[in-house]
4 protein chains.
Amino acid sequence: MFMLNPQDKAPIFAQLKKQIIEFIGLGILNPNDQLPSVRSLANELGINPNTVAKAYQELELQGYVYTVAGKGCFVSQVNIEADIQGNKIKEFKQVVMDCHKFNIEKELLISSIESIYEGGMKHAEN
Amino acid sequence: MFMLNPQDKAPIFAQLKKQIIEFIGLGILNPNDQLPSVRSLANELGINPNTVAKAYQELELQGYVYTVAGKGCFVSQVNIEADIQGNKIKEFKQVVMDCHKFNIEKELLISSIESIYEGGMKHAEN
Amino acid sequence: MFMLNPQDKAPIFAQLKKQIIEFIGLGILNPNDQLPSVRSLANELGINPNTVAKAYQELELQGYVYTVAGKGCFVSQVNIEADIQGNKIKEFKQVVMDCHKFNIEKELLISSIESIYEGGMKHAEN
Amino acid sequence: MFMLNPQDKAPIFAQLKKQIIEFIGLGILNPNDQLPSVRSLANELGINPNTVAKAYQELELQGYVYTVAGKGCFVSQVNIEADIQGNKIKEFKQVVMDCHKFNIEKELLISSIESIYEGGMKHAEN
DNA sequence: GTGGTCTAGACCACT
DNA sequence: GTGGTCTAGACCACA
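Residues numbered from 1 in each chain as written. Chains lettered and ligands numbered in written order. Predicted model: local features only at pLDDT ≥ 70, side-chain atom pairs only at ≥ 80, totals over all residues. Heavy atoms only, no water.

As annotated in an unreviewed UniProt entry, chain A carries the name GntR family transcriptional regulator and is attributed to Dielma fastidiosa.

Next comes the structure, spelled out in structure tokens:
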């Protein structure tokens, strides 16, 4: 279900977090869905349970999930999607401002957007 | 000349690197300009010379500067500016693809660009 | 496992780098093999961990190894071997061109090659 | 007359030395030819006289030139050319042995030699 | 346990 | 003066 890249400089728990947030944003994980248990996920991914637990903890701290002792970890029912979108937009604006600073032409950016939205929705290879 | 943010989670040498690259991209530092000496910059910023040296060394490995032992460290004359712009654009496209994935409307992105490029906004709060 | 020559003018970290690259080229170290830990190797060689770390970091920057914080340093799985051979051949051609420039006879070079490849000579005295 | 590359990692005095040796090997500088004076050469190259002096000193130590106090520095009349060729051949053998170690095919090396000796005598770009 | 970062202070070669 | 290298020893995040 999740994909980890050991060569990625980002710590594993952060990769996990990011993917869970992404899945929530994409509607693959919906409010009140239960996440896999720490142990099962750790087992499945071949990583340390502590690592999974850390990801879950941070997600809980940031309000994306809630934990019920003895039952498991569930996706929050609050308006997470808007939150995720908001963060992405903030990130987007930041990058645009950098582009502006470096005198990259506005038209170039807009045409990039057009082509991405029209074309396939494939990921860019890094 | 340079500004370090101790609260930033990024390592000091990376902050320094980023700023130097930015200054080159902005034309504040031009090809063959000499960077401050390792010692003087370390002194000025209140950090260890090794930390500055590490930043300089990585910049050299990546081709942004060249260093001459016994003389100092200089901005490369190759087309760095295009390189920096290229990286920013890549980053931009990546973010746009994420936005697309999360169903953020194209028009929203474009209008953000318009306002940033017209308004001449300075910086987003982090 | 590794051998350092204190009399060699080359810096320690460079000697280490060179040997690791050689071991990869020779198939002694294979893709995804784990390198000795920074601390253990430093201890074994009687040098400072920072020195080993520097070697590892440069190897990573050049793509020969990848390192996972908290786990260790591993040989890359990309086609490093071809890379190493390519570099050696480049070096070879450079030397041949020098020989040509100095009017060294072609036959002399070729016969040297023959004798080395047939004899299975070990090493030249430095 | 001489060409220095400040970006080259080799120290300037070594670059100078190498070129003088090369010129001797090529017959551009002949036995008992006088080298430019330390000061004039330093002036011409825009470098420190100490740097030139160091190059000359090392050349003298290695027997390539001899210095006459108050008169200048001259190319030795001993059999330098053979010496230079000998060094190159030694270097060549070393590289060939490395190639052998890395399982590079003998035929590849020989055909490289053929093409270099038949083709132009241009330098390889680094 | 691992590697990453940083400091303090030293010595060296080069200019 | 410059940068390059190395040591000793520290703290941190990650697994």
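Having put the structure on the table, let's press on.
Engineer: Looking at this structure, how should I read the overall build of chain A?
Structural biologist: Along the backbone of chain A there are five helices and two strands. Reading chain A from its N terminus to its C terminus gives the helix and strand order α-α-α-β-β-α-α. A globule of 126 residues ought to have a C-alpha radius of gyration of about 14 Å, yet chain A, at 17 Å, is considerably larger. With respect to the principal axes defined by its C-alpha atoms, chain A has extents near 55 × 35 × 25 Å. Look at the contacts in chain A between residues 6 or more apart in sequence, and 47% of them connect residues 24 or more apart. Of the roughly 7,400 Å² of accessible surface on chain A, a fraction of 51% belongs to carbon and sulfur atoms. With 12 positive and 15 negative side-chain charges, chain A shows a separation of 7 Å between the mean positions of the two kinds. (Helix = DSSP H or I, 4+ residues; strand = E, 2+ residues; numbered from the N terminus. Rg over C-alpha atoms; globule rule 2.2 N^0.38 Å. Contact = heavy atoms within 4.5 Å. Areas by Shrake-Rupley, 256 points an atom, 1.4 Å probe, with all protein chains shown as cover. Lys, Arg positive; Asp, Glu negative; His and termini not counted. Charge placed at Lys NZ, Arg CZ, Asp CG, Glu CD.)

Engineer: Before we go on, may I ask you to explain the relation of the copies chain C and chain D in this structure?
Structural biologist: Mapping one chain copy onto the other needs a rotation about an axis and a shift along that axis. Of the transformation placing chain C onto chain D, the axial shift is 0.1 Å and the rotation is 180°, giving an RMSD of 0.2 Å. In the structure described here, the two chain copies are related by an operation that fits a two-fold rotation axis. The C-alpha atom lying nearest the rotation axis in chain C is that of Ile110 of chain C; the distance is 3.2 Å. Counting the interface residues of chain C, we find that 95% of their copies in chain D are interface residues as well, pointing to one common contact surface. (Least-squares fit on C-alpha atoms with pLDDT ≥ 70 in both.)

Engineer: What exactly am I supposed to notice about the UniProt feature "domain: HTH gntR-type" (unreviewed entry) in chain A here?
Structural biologist: The UniProt feature table records "domain: HTH gntR-type" (unreviewed entry) at residues 10–78 of chain A. This span, residues 10–78 of chain A, is 51% helix and 12% strand, and a straight line between its end C-alpha atoms measures 28 Å. (UniProt positions renumbered as here; feature names shortened; annotations may be inferred.)

Engineer: For this particular structure, what's the right way to read the protein's contact with DNA strand E?
Structural biologist: Near DNA strand E you find 26 residues, and of these Ile12, Asn48, Asn50 and Thr51 of chain B together with Lys54 of chain D are the closest. Counting only the atoms of DNA strand E that lie within 4 Å of the protein, the sugar and phosphate share comes to 72%. In this structure, Ile12 of chain B approaches DNA strand E through a main-chain N or O atom, which is 2.3 Å from a phosphate oxygen. Separating a phosphate oxygen of DNA strand E from a backbone N or O atom of Val38 of chain C is a distance of 2.9 Å. With three residues, the top contributor of residues to the surface near DNA strand E is helix H3 (residues 49–61) of chain B. Of the residues that constitute the surface near DNA strand E, the class distribution is 10 nonpolar, 11 polar and five charged. (Near = heavy atom within 4 Å. Polar contact = N/O pair within 3.5 Å; in protein donor to acceptor, adjacent residues only side chain to side chain. Nonpolar A, V, L, I, M, F, W, Y, C, P; charged D, E, K, R; others polar.)

Engineer: Looking at this structure, how should I read the protein's contact with DNA strand F?
Structural biologist: Of all residues adjacent to DNA strand F, which total 26 residues, the nearest are Lys54 of chain A together with Ile12, Asn48, Asn50 and Thr51 of chain C. If you look at DNA strand F and keep only atoms within 4 Å of the protein, 72% of those are sugar or phosphate atoms. For DNA strand F, a phosphate oxygen lies 2.9 Å from a polar atom in the backbone of Ile12 of chain A. At 3.0 Å from a phosphate oxygen of DNA strand F is found a side-chain nitrogen or oxygen belonging to Ser37 of chain B. Elements that contribute at least two residues to the surface near DNA strand F include exactly helix H1 (12–25) and helix H3 (49–61) of chain A, helix H2 (38–45) and H3 of chain B together with helix H1 (12–26) and helix H3 (49–61) of chain C. Here the surface near DNA strand F gets three residues from one element, more than from any other, and that element is H3 of chain C. In terms of residue class, the surface near DNA strand F is built from 10 nonpolar, 11 polar and five charged.

Engineer: What am I meant to see in the interface of chain C and chain D here?
Structural biologist: Size of an interface: often given as the accessible area lost when the parts come together. On the side of chain D, 37 residues touch chain C, which itself brings 39 residues to the contact. Taken together, both faces of the contact between chain C and chain D bury some 4,100 Å²; the carbon and sulfur share is 73%. Scanning the region where chain C abuts chain D turns up six salt bridges. Its salt-bridge partner being Asp98 of chain C, residue Lys88 of chain D comes within 2.9 Å of it at the nearest N-O pair. On the surface where chain C and chain D come into contact, there are 12 residue pairs in polar contact (both at pLDDT 80 or more). Listed by contribution, the elements that provide at least two residues to the side of chain C that touches chain D are H1, helix H4 (80–101) and helix H5 (106–119) of chain C. Ranked by residue count, the leading element in the side of chain C that touches chain D is H4 of chain C, at 16 residues. (Buried area = accessible area lost by both parts, 1.4 Å probe. Salt bridge = Lys/Arg side-chain N within 4 Å of Asp/Glu carboxyl O.)

Engineer: Whenever I open this one, the nonpolar core confuses me. Can you help?
Structural biologist: One recurring pattern in soluble globular proteins: nonpolar side chains tend to sit buried together. Of all hydrophobic cores here, the largest spans 72 residues; its most connected members are Ile20, Phe92 and Ile113 of chain A together with Ile20, Phe92 and Ile113 of chain B. In this structure, Ile20, Tyr56, Ile84 and Ile113 of chain C belong to the second largest nonpolar core, which totals 71 residues. (Core = buried A, V, L, I, M, F, W, Y, C linked by side-chain atoms within 4.5 Å. Buried < 20%, exposed > 50% of the residue type's maximum accessible area, 1.4 Å probe, protein only.)

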